[in-house]
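Okay, here's what each chain looks like letter by letter:
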Amino acid sequence: MAGTAAAVLVAAGAITYAAAGDGSNDAVPDAGSADAGFARDMAVHHQQAVEMAYVVRDRTDDEDVRRLAYDIAQTQANQRGMLLGWLDLWELPKVSADAPMTWMGMGDMPSAGEGSLMPGMATDAEMKRLGTLNGKQAEVFFLQLMTAHHKGGIHMAEGCLDKCAVGVEKRLARTMVNGQQAEIDLMADMLRERGAKPRP
């Protein structure tokens with residue numbers, strides 16, 4: 001079922017690209033372009049956010065956190081499908097021999113730890129820890145991890161706004177910036193309610 005859902009999302013991405021043209025004659029980007037790099041990297045970045053959101057939904061009964069996690073999972077899974085759909089439409093590979101973030105000139109950036117491939121991504125150890133916590137501890141750690149994740153995602157989306165050439169992809173990047181900033185603000189309030197704050 002999960003595989004079928006993923007296929008539907010990828011197909012939806014291709015349809016969205018074909019149907020959302022703005023009248024411009026955007027050229028198909030090449031494999032080394034910012035457009036392709038952003039689509040590949042953000043698909044990976046989004047996948048971790050989806051996984052994180054589903055983990056916390058099983059670790060707490062708090063309806064506000066569960067609702068936020070569900071919204072993040074659905075939004076980012078849909079956007080991921082669009083990104084992968086565009087790569088299919090452009091007939092470009094979904095993986096690259098280049099290091100993550102090469103399209104932003106950051107391919108040599110140091111990693112925060114195993115599993116943290118791009119800005120804001122949690123490490124494997126952090127993901128494992130999230131899966132061991134319950135209740136308020138899980139809520140706080142999730143909100144802290146997701147705040148950092150969103151900040152990294154905004155950084156990448158702003159890079160696309162600066163470097164990408166395909167209009168519909170730039171519009172999606174703008175949606176990401178606005179949507180994730182609104183969620184960062186919401187998560188700051190949720191952390192305060194729990195006597196915590198975002199990690200530095």
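Refer to the structure above for everything that follows.
No experiment lies behind these values; they were computed from the predicted model shown.

A. Geometry of the nonpolar core. Ranked by internal contacts, the top residues of the largest apolar core, which has 30 residues, are Phe38, Leu83, Trp86, Leu87, Trp103, Met156 and Met176. Where this core is concerned, the elements lending two or more residues are α2 (34-57), α3 (63-90), α5 (135-163) and α6 (167-193). In this view, Met176 contacts Phe38, Met42, His46, Gln79, Leu83, Ala157 and Gln181; residues no more than four positions away in its chain are not counted. Counting residues in hydrophobic clusters, the runner-up holds 25 residues, among them Val50, Val56, Leu130 and Met146.

B. α6, seen in detail. For α6, built from 27 residues, the straight-helix expectation of 39 Å at 1.5 Å per residue is met to within 8% by its first-to-last C-alpha distance of 40 Å. One or two residues past the end of α6 sits Gly195, with phi positive at roughly 70°.

C. The arrangement of the pattern of salt bridges in detail. Under the criterion given, the structure shown has eight salt bridges. In this structure, the salt-bridge partner of Glu126 is Arg199, at a minimum N-O distance of 3.0 Å. Here Glu126 is found in helix α4 (residues 124-130), whereas its partner Arg199 is found in the segment after α6, with 73 residues between them in sequence. Judged by relative accessible area, which is 36%, Arg199 ranks as partly exposed. With a closest N to O distance of 3.6 Å, Glu193 and Arg194 form a salt bridge.

D. Region of the structure containing the packing of aromatic side chains. Taken as a whole and assessed by the stated rule, the structure comprises two aromatic pairs. The interplanar angle of 75° and the centroid separation of 5.6 Å between the aromatic rings of Phe38 and Trp103 together place this pair among those described as edge-to-face. Of this pair, Phe38 sits in helix α2 while Trp103 sits in the loop between α3 and α4, placing them 65 residues apart in sequence. Across this residue pair, the class does not change: Phe38 and Trp103 are buried. The ring of Phe141 has Arg129 sitting right over it, with the charged end atom 4.2 Å from the ring centre.

E. Spotlight on the environment of Val65. Among the secondary structure elements, Val65 is positioned in helix α3. Val65 sits 122 residues away from Met187 along the chain, and the two C-alpha atoms are 9.2 Å apart. Those residues in contact with Val65 that sit more than four places away from it in its chain are Val56, Thr60, Glu139, Phe142, Met190 and Arg194.

F. Local environment of unusual backbone geometry. One non-glycine residue, Glu91, lies in positive phi territory at about 60°. Within the fold, Glu91 resides in the loop between α3 and α4. The exposure class assigned to Glu91 is exposed, which follows from its relative accessible area of 73%. Despite not being glycine, Met101 shows a phi value in the positive range, around 75°. Along the polypeptide, Met101 turns up in the loop between α3 and α4. Owing to a relative accessible area of 0%, Met101 belongs among the buried residues under this scheme.

Reading the values: rules and limits
For every chain, the first residue of the written sequence is number 1, and numbering continues from 1 onward in sequence order. Predicted model: local features are reported for residues with pLDDT of at least 70 only, side-chain atom pairs are reported and counted for 80 or more only, and whole-chain, interface and lining totals are derived from all residues. No hydrogens and no water enter the side-chain calculation; it runs on all heavy atoms of the structure. Joining through side-chain atoms within 4.5 Å is the link that ties buried Ala, Val, Leu, Ile, Met, Phe, Trp, Tyr and Cys residues into a set, and such a set is a nonpolar core. Buried means the residue's accessible area, taken with a 1.4 Å probe over protein chains only, is under 20% of the maximum for its type, while exposed means over 50%, and partly exposed covers the values in between. Think of it this way: any DSSP run of H or I at least four residues long counts as a helix, any run of E at least two long counts as a strand, and we number them from the N terminus. We call two residues in contact when some of their heavy atoms are within 4.5 Å. To estimate how far a helix should extend, the number of its residues minus one is multiplied by 1.5 Å. One speaks of a salt bridge when a side-chain nitrogen belonging to Lys or Arg is within 4 Å of a carboxyl oxygen belonging to Asp or Glu. Centre distance within 6.5 Å is the pairing criterion for rings of Phe, Tyr and Trp, where only the six-membered ring of Trp is used; planes under 30 degrees apart are then read as stacked, over 60 as edge-to-face, and the remainder as tilted. By definition, being over a ring means that NZ of Lys or CZ of Arg is both within 6 Å of the ring centre and within 35 degrees of the ring normal.

Honestly, that's just the spatial picture; any functional story needs more than this.
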